[in-house]
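# Inside the fold
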Amino acid sequence: MPIPPATASDKFSFTKMHALGNDYIFFNTAEHPTIESLSPSIAKHLCDRNRGIGADGIICVAPVSCNRVRMRMFNADGSEAEMCGNGLRQLARFAWEEKLVETAEFFVDTKAGERHVFLELDRDGLIRSIRANMGAPILAPSQIPVTNKFQTQNGIASCSVQTPTGTFPFHAVSMGNPHAICFTTLDCINVAATGSHLELRSDLFPARANIEFAEIVHSKLVKMRVWERGSGETQACGTGACAVVVAGVLTGRLEKTCNVILLGGELSVEWHSDGNVFLTGNAQTVFKGVINSAFMSSEQN
């Protein structure tokens, strides 16, 4: 439901952040409780790069305790997502800088479950890097979810998929949100045409999917591009990087510790023996601002 009407004096403060160019608008819901009730049209209005602030999505952060916060994430099209790896690292910086937590190691409640984040600080207390336990990958087809067109082979759900640019094998993994991964040569893929076509294929992905295209450099290095569900092609995707590594390991292409090169930069992924996947990178604050209530209640024209 839309944000209730507000008076002209009402202001909504926000922080714009990015991780490898994957950018989000952050709101502290302790200050703005109604922000979590934003309508899809207002979310799209805020994320519009020409008429709004501009972002791949919106993340609302609510303090829970001295070492725990809650995360809600909305894509650029207004749909709600379970969570986001790059967004999670941005949230870690946001929560620390806004003093929503008191410890450099804390927990984040997401729609995909609890996540554990670790801030590496220098001697002055400034953040050097951010590490997140992304949890164990979900590989059961019905839980990713994918339809029965995907069949499990070597521990991973796979399917040969016809796309606008050819037929390619895809592998499905969930990192709390659904991913479909194709190992190929990046130069021969039209990411926009293929990604947008596959994201909405309900006969394959009942909850839509993030689509990754990955090219192996060697067993410890992979390049990838991503078409994100609800946002289009983005500069980077943390959960996508994790999903690519998991799929690469299960198909014999990658080792369990490797780097992932995205359009926006590089991430480190480790798949530990206990089943958990760890993602390491950084995140930056871009700017802070204030939106008036007229902007928040207006529809995009």
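Up top is the structure.
Below, the structure is looked at part by part. Model, not experiment: these values are computed from the prediction.

Glancing now at the packing of aromatic side chains. Each aromatic ring pair is summarised here by two numbers: the centre-to-centre distance and the angle between the ring planes. Here the structure, examined in full by the defined rule, presents four aromatic pairs. When the ring of Phe150 is compared with that of Phe205, the centres are 5.8 Å apart and the planes differ by 50°; the resulting orientation is tilted. Here the residue Phe150 occupies a position in the loop between β8 (127-133) and β9 (151-153), and Phe205 occupies one in the loop between α3 (191-199) and β13 (210-218), the gap between them amounting to 55 residues. You'll find Phe150 and Phe205 in the same group, each marked buried. Geometrically, the ring pair formed by Phe170 and Phe213 is edge-to-face, given 6.3 Å between the ring centres and 75° between the ring planes. Of this pair, Phe170 sits in strand β11 (residues 166-174) while Phe213 is found in strand β13, placing the two residues 43 residues apart along the sequence. Judged on exposure class, the residue Phe170 and its partner Phe213 are both buried.

Using the criterion set out here, one finds two cavities of 30 Å³ or more in the structure. Of the pockets and cavities examined, the largest cavity occupies roughly 70 Å³. Along its surface, the largest cavity is lined by Met73, Asn75, Ala81, Met83, Cys84, Asn177, Asn210, Glu228, Arg229, Cys237 and Thr239. In terms of residue class, the lining of the largest cavity is built from five nonpolar, four polar and two charged.

A separate point is the pairing of β11. For strand β10 (residues 156-163) and β11, the ladder comprises seven bridges, and the chain directions are antiparallel. Counterpart to Ser158 in the pairing with β11 is His171. In textbook terms, the turn of a hairpin is the stretch between consecutive antiparallel strands, and for β10 and β11 this stretch comprises two residues. The pairing of β11 with strand β12 (residues 178-183) spans four bridges and is antiparallel. Looking at β12, one finds that Ser174 is bridged to Pro178. Hairpin connection, β11 to β12: the antiparallel pair is bridged by three residues, and Gly176 has positive phi, about 100°.

As a further point, take the environment of Glu82. Summarising the element assignment, Glu82 is placed in the loop between β5 (80-81) and α2 (85-97). Residue classification places Glu82 among the partly exposed residues on the basis of a relative accessible area of 23%. Distance from Glu82 to Asn292, taken between C-alpha atoms, is 28 Å for residues 210 residues apart in sequence. For Glu82, the contacting residues outside a window of four places in its chain are Thr110, Lys111, Ala112, Gly176, Asn177, Pro178 and Arg229. At a separation of 2.5 Å, a polar atom in the side chain of Glu82 contacts the side chain of Arg229.

The next thing to look at is the pairing of β10. β10 sits mainly inside the fold: six of its eight residues count as buried. One ladder, built from three bridges, connects β9 with β10; its direction is antiparallel. If you follow Thr152 over to β10, its bridge partner there is Ala157. Taking the residues between adjacent antiparallel strands as the criterion, β9 and β10 are bridged by two residues, where Asn154 takes a positive phi near 55°.

Parameters at a glance
Residues numbered from 1 in each chain as written. Predicted model: local features only at pLDDT ≥ 70, side-chain atom pairs only at ≥ 80, totals over all residues. Heavy atoms only, no water. Phe/Tyr/Trp six-rings, centres within 6.5 Å; stacked < 30°, edge-to-face > 60°. Helix = DSSP H or I, 4+ residues; strand = E, 2+ residues; numbered from the N terminus. Buried < 20%, exposed > 50% of the residue type's maximum accessible area, 1.4 Å probe, protein only. 1 Å grid on protein atoms, 1.4 Å probe; cavity = no way out; pocket = protein on both sides within 12 Å on 5 of 7 lines; lining within 4 Å. Points joined across faces, edges and corners; volume = space filled by probe spheres on them. Nonpolar A, V, L, I, M, F, W, Y, C, P; charged D, E, K, R; others polar. Pairing = 2+ DSSP bridges. Contact = heavy atoms within 4.5 Å. Polar contact = N/O pair within 3.5 Å; in protein donor to acceptor, adjacent residues only side chain to side chain.

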